[in-house]
Amino acid sequence: MADKDAHNGAFYQRDREWHPPAYAPIYKTSVKRSPNAALISLDNTISEITGPVFGHNMIGEYDNDLIQNYAKAGELPIGQRIIVHGRVLDEDRRPVPGALLEFWQANAGGRYRHKKETYLAPLDPNFGGCGRTITAEDGSYRLRTIKPGPYPWPNGVNDWRPAHIHFSVFGHGFAQRLITQMYFEGDPLIWICPIVKTIPSKEAIESLIAPIDMENTIPMDARAYKFDIVLRGRRSTMFENRMEGN
Amino acid sequence: MQQKLDRLKESPSQTAGPYVHIGCTPNFTGIHGIYDEDLGTRIINDKTKGERITIRGRVFDGTGTPLRDALIEIWHADANGIYPSPEDKRGEADPNFRGWGRSPGDMETGEFVFETIKPGVAPFKDGRPMAPHVTFWVVARGINIGLQTRMYFSDEKAANEADPILQRIEHKVRIPTLIAEKTGDGEYRFDIRLQGDGETIFFDI
């Protein structure tokens, strides 16, 4: 049996001590939005092993280019031009092709384009702040954007978010569904951010910090950051009992 | 020392934050011109086989206040119980069925609405039938890792009683939190309570 076909079983158990806990009082909003009861553990069924498929043909030419996808003709958004690239892998280091990535962020001044956003930094008329792409056969992806600014948020009276890009990720099974955030190497705000601190270990936090990548930088144009995303791996079914007719 | 397993760790989750709608439903937030329409808007079309249903509900926090900044996604099988996914090797799903839907909820009330079809029966790992169900995934500001639950149907009493997942739940008193109430012809209500009285069962799955 081909190796590729053998790894089609249930996804590996999620390491709940590695992820942030639901209840993390340092992040105040989590206090009333966290379940009290223990999660009920179940091995994946067909309902979780499967997931929606997104075709490359749904992606528009500028969907992964936040510098151009909202700008008026002949204009550009203000800010530091950057490229973010990396791969989506599973826990066994296998590439995850066909993964839909959706990303969103604040503009260079730290302002989101949202009706409920009240920060006094101005909107940039040429920056929308969202994009998407689908990973290639080797799990790779690439996007171009403006480096987001840090911004204050109501939690403590003086809490600031480090510069970050939100990522929503679909793998091959609904059990792999994940939302996370990418941070930038060298940002001192990372280590004092209550949302970052919901993650229990330094090692786990560091796995969300993208390093500067000079080899992928475009000279005189845009710096590059490398950000790999890891989704749950899955068990081999090679020696498992199978249902009749399966 | 022994060999290393050399595995990677899953990327740690971070909250979707208050502006998840910018990234996942930009047209809903008023960001037009980037995508033609928001993903997950249409689960079915005119040709989809199956009984039309509407699922409505809200997500409540531990004080009973409805969330207005959540993103709710659903995933379910077609009328024959087949998933439109290459991971389902049992047969071809209805080509007119998407299986996946996404709702930002109403801007004022937080109510989500899904227009879809009633799913068929899919098998548990040992081949026993699972009662018709819809998988839910909920993220929002203040939710540090996406919450997964299941919705079953109140008019499938016998199937629910035989469902291998529901049977395994120790605290039977909590099972009603997974069962959508039938409120009319093809109309179901499924409220999700994050915490406290009537707290919905969430799965680590």
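Residues numbered from 1 in each chain as written. Chains lettered and ligands numbered in written order. Predicted model: local features only at pLDDT ≥ 70, side-chain atom pairs only at ≥ 80, totals over all residues. Heavy atoms only, no water.

S.K.: If you had to explain the interface of chain A and chain B to someone new, which residues and values would you point to?
M.R.: Listed per partner, the contact involves 90 residues of chain A and 80 residues of chain B. Buried area between chain A and chain B, summed over both chains or domains, comes out near 7,700 Å², and the portion from carbon and sulfur atoms is 56%. Broken down residue by residue, the surface that chain A buries against chain B is led by A:R33, A:L42 and A:F174, which jointly contribute 11%. Here chain A is connected to chain B by 11 salt bridges. The closest approach of N and O atoms between A:R177 and B:E73, which form a salt bridge, is 2.7 Å. The interface formed by chain A and chain B holds 47 residue pairs in polar contact (both at pLDDT 80 or more) in total. With five residues, the single largest contributor to the side of chain A that touches chain B is strand β9 (residues 178-184) of chain A. Residue classes in the side of chain A that touches chain B are distributed as 42 nonpolar, 24 polar and 24 charged. (Contact = heavy atoms within 4.5 Å. Buried area = accessible area lost by both parts, 1.4 Å probe. Salt bridge = Lys/Arg side-chain N within 4 Å of Asp/Glu carboxyl O. Polar contact = N/O pair within 3.5 Å; in protein donor to acceptor, adjacent residues only side chain to side chain. Helix = DSSP H or I, 4+ residues; strand = E, 2+ residues; numbered from the N terminus. Nonpolar A, V, L, I, M, F, W, Y, C, P; charged D, E, K, R; others polar.)

S.K.: Explain the pattern of salt bridges residue by residue, including any values.
M.R.: Tallied over the full model, the rule gives 31 salt bridges over all chains. Where B:D69 meets A:R33, a salt bridge forms, and the shortest distance between an N and an O atom there is 3.0 Å. Taken together, the positions of B:D69 in the loop between β2 (59-60) and β3 (70-75) and A:R33 in the loop between α1 (3-6) and β1 (40-41) put the pair across two chains. A salt bridge links B:R189 to B:D191; the shortest N-O distance between them is 3.4 Å. On the accessibility criterion, B:D191 (19% relative accessible area) is buried. (Buried < 20%, exposed > 50% of the residue type's maximum accessible area, 1.4 Å probe, protein only.)

S.K.: So what's going on with the packing of aromatic side chains? Residues and values would help.
M.R.: Centre distance and the angle of the planes are the two values used to describe a pair of aromatic rings. Applying the stated criterion across every chain yields a total of 17 aromatic pairs over all chains. Aromatic side chains A:F103 and A:F167 sit 5.6 Å apart centroid to centroid with 55 degrees between the ring planes, which places their arrangement in the tilted category. Of this pair, A:F103 sits in strand β3 (residues 100-104) while A:F167 sits in strand β8 (residues 164-170); the two residues are 64 residues apart in sequence, bridging distant segments of the chain. Taken individually, A:F103 and A:F167 each receive the classification buried, so the pair is uniform in this respect. On the numbers, 4.9 Å between centres and 85 degrees between planes, the contact of B:F153 with B:Y188 is edge-to-face. Of this pair, B:F153 sits in strand β9 (residues 147-153) while B:Y188 sits in strand β11 (residues 187-189), and the two are 35 residues apart along the sequence. B:Y188 matches B:F153 in its accessibility class, with the two residues each being buried. Through successive ring pairs, a cluster of aromatic residues spans A:F103, A:Y141, A:F167 and A:F227. (Phe/Tyr/Trp six-rings, centres within 6.5 Å; stacked < 30°, edge-to-face > 60°.)

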